[in-house]
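Chain and residue survey
Residues per chain, in single letters:
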Amino acid sequence: MRFSIAVNMGRLDPTTDMRQIADEALELVKIADQGGFDIVWTAEHHTIELTVSPNPFQLLSHWGAHTKNIRLGTAVVAAPYWNPIRLAGEAALCDILTDGRLELGLGRGAYQYEFDRMAGGMPQQEGGKHLREIIPVVKALWAGEYAHEGELWNFPATTSVPKPLQKSVPMWIAARDENTFQFAADNGCNIMSTALRKPFAEVVDLQHKFNAVTKDLPKGQLQHATLRSTCLFEDKAGEDTAYESVINYGRAFENLFKGIGEVKDGYPEAVDFETVANRDEYDRENLLENMMLGSPDQVIEKLERYKAAGVDQFIYGASFFVPHQNARRSLELFCDKVIPHFRKQENAASPEMAGAK
């Protein structure tokens, strides 16, 4: 099992300077680069201070200039907000500027609040048709001259300028339902998923969906990565801080995800969990059990279950407003204790991998 990390800039109020937020995010990325993570992911969102990333390629290019090994991915580009020619060119330029380290993740978009401002009020559920049309178009533009006549976009023969440095940029699709899993497999795309705050059984279900759509493909041809909010700690104070951070982030997230509160000047109202249908998922014991929260040994035990289920890559969700000193220490513990545990297993199973990253 491999490891990647999702780092998103954001803030709950304007009291923290965005330059400090950017510096703290970059510090986490540098630690991950030096500590053995394979990929760092960042999102695309607009008009929402919860995640500040109006163009993820800009941020990835910045991170690429400060890192050496880690690959750089979008998790995810929101397909309904893009013209495919623009997406192909911006992604290709990012790949060049990062020395061929781009991983391109795409999704249909998450928040109706955003769709009302970025996609003309289109229902968020309709974003899937943009995702399904844009992926083959981007691939064709990277390959050479291409003219397109589709449901959403039409243009005469053209090509991506520039072309990516990589001959084949790895592409990922954010998925939870069977149809999207199938579309990803049919189009040669890896799959990234999240069980949100649901129990481990949800991870198993997502892996079963992946297995079902890839059963006829060569083993390892496509990958399944799944994300959980993650924080390692060494004492009760650390546990309390992690729990409180999940709760504070969750109150704003539920507002956006379910549209049950207001957003003022970019900041989502922190809703009362009494208005949330799935409020039991925010019970302290449930969060400590279902999220990747715990001591290094506890996190290793949880991740062993992910590995046994067949998950190819675990995505360390770093961004839910844990105080920076806690977030930094958590990541250091993961790099020092967790990754070596699994690398040691791999080297023992395959001696020829000794010395591999």
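See the structure above.
This write-up is about the structure you can find in this document. Fair warning: this is a prediction, and the values are worked out from it, not measured in the lab.

Cut-offs applied
Residues numbered from 1 in each chain as written. Predicted model: local features only at pLDDT ≥ 70, side-chain atom pairs only at ≥ 80, totals over all residues. Heavy atoms only, no water. Helix = DSSP H or I, 4+ residues; strand = E, 2+ residues; numbered from the N terminus. Buried < 20%, exposed > 50% of the residue type's maximum accessible area, 1.4 Å probe, protein only. Disulfide = S-S within 2.5 Å. Polar contact = N/O pair within 3.5 Å; in protein donor to acceptor, adjacent residues only side chain to side chain. Axes fitted to C-alpha atoms, helices over the stretch in contact; angles between N-to-C directions. Parallel < 35°, antiparallel > 145°, perpendicular 65-115°, else oblique. Left-handed = near helix turned anticlockwise from the far one by under 90°. Contact = heavy atoms within 4.5 Å. Pairing = 2+ DSSP bridges. Right-handed = clockwise from strand over helix to strand, strands pointing away. Phe/Tyr/Trp six-rings, centres within 6.5 Å; stacked < 30°, edge-to-face > 60°. Lys NZ or Arg CZ within 6 Å of the ring centre and 35° of its normal.

A cis geometry characterises the amide bond from A75 onward to V76, with omega recorded as 0 degrees. Tracing the chain through its elements places V76 in the loop between β3 (71-74) and β4 (77-78). A cis geometry characterises the amide bond from V161 onward to P162, with omega recorded as 0 degrees. By the element assignment, P162 lies in the loop between β7 (154-158) and β8 (171-174). Of note in this structure, L196 is not a glycine but carries a positive phi near 55 degrees. Inspection of the secondary structure assignment puts L196 in the loop between β9 (190-194) and α7 (200-214). Looking at L196, the relative accessible area reads 19%, which means it is buried. In this structure, F321 is a non-glycine residue whose phi angle is positive, near 65 degrees. Inspection of the secondary structure puts F321 in the loop between β14 (313-317) and α11 (324-349).

Tallying each qualifying case throughout the model produces zero disulfides. Between C94, a free cysteine, and C189, which holds the nearest cysteine sulfur, the sulfur-to-sulfur gap is 17 Å. A relative accessible area of 0% means that C189 is categorised as buried.

Along the polypeptide, T214 turns up in helix α7. The buried category is assigned to T214, whose relative accessible area is 13%. Within polar-contact distance, the side chain of T214 engages the backbone oxygen of F210 at 2.8 Å.

For the rest of this paragraph, the subject is the packing of α7 against helix α10 (residues 296-309). The angle between the axes and the distance between the axes are what describe a pair of packed helices. Packing of α7 against α10 leaves a shortest axis separation of 10 Å and a crossing angle of 25 degrees. Between α7 and α10, the angle is such that the two are roughly parallel. At the point where α7 passes α10, the crossing takes the right-handed sense. Across the interface between the two elements, F200, V203 and Q207 from α7 touch R305, Y306 and A309 from α10.

It is worth spelling out the pairing of strand β10 (residues 224-232) at this point. In terms of burial, β10 is largely enclosed, as eight of its nine residues are buried. Here four bridges tie β9 to β10, and the two strands are oriented parallel to one another. Looking at the pairing, I191 lines up with H224 of β10. As for the winding sense of the linkage, the β-α-β connection from β9 through α7 to β10 is right-handed. For β10 and β14, the ladder comprises five bridges, and the chain directions are parallel. Across the sheet, residue R228 finds its bridge partner in β14, namely Y316. Relative to strand β13 (residues 292-294), β10 runs parallel, the two sharing three bridges. Residue pairing across strands places L232 opposite G294, the latter belonging to β13.

We now examine the packing of aromatic side chains. Counted by the stated rule, this structure contains 16 aromatic pairs. Seen from their ring centres, F3 and F334 are 5.4 Å apart, and the 80 degrees between their planes marks the pair as edge-to-face. Within this pair, whereas F3 is found in strand β1 (residues 2-6), its partner F334 is found in helix α11, the two being separated by 331 residues in sequence. Here F3 matches F334 in class, with each residue buried. Between Y306 and F314, the ring centres sit 5.7 Å apart and the planes meet at 85 degrees, which makes this aromatic pair edge-to-face. Connected via pairs of aromatic rings, a cluster forms that spans F3, F37, Y316, F334 and F342. Sitting over the ring of W82, R86 keeps its end group 4.4 Å from the ring centre. Against the face of F200 rests R305, its NZ or CZ located 4.1 Å from the ring centre.

Distances and angles like these do not, on their own, reveal function.
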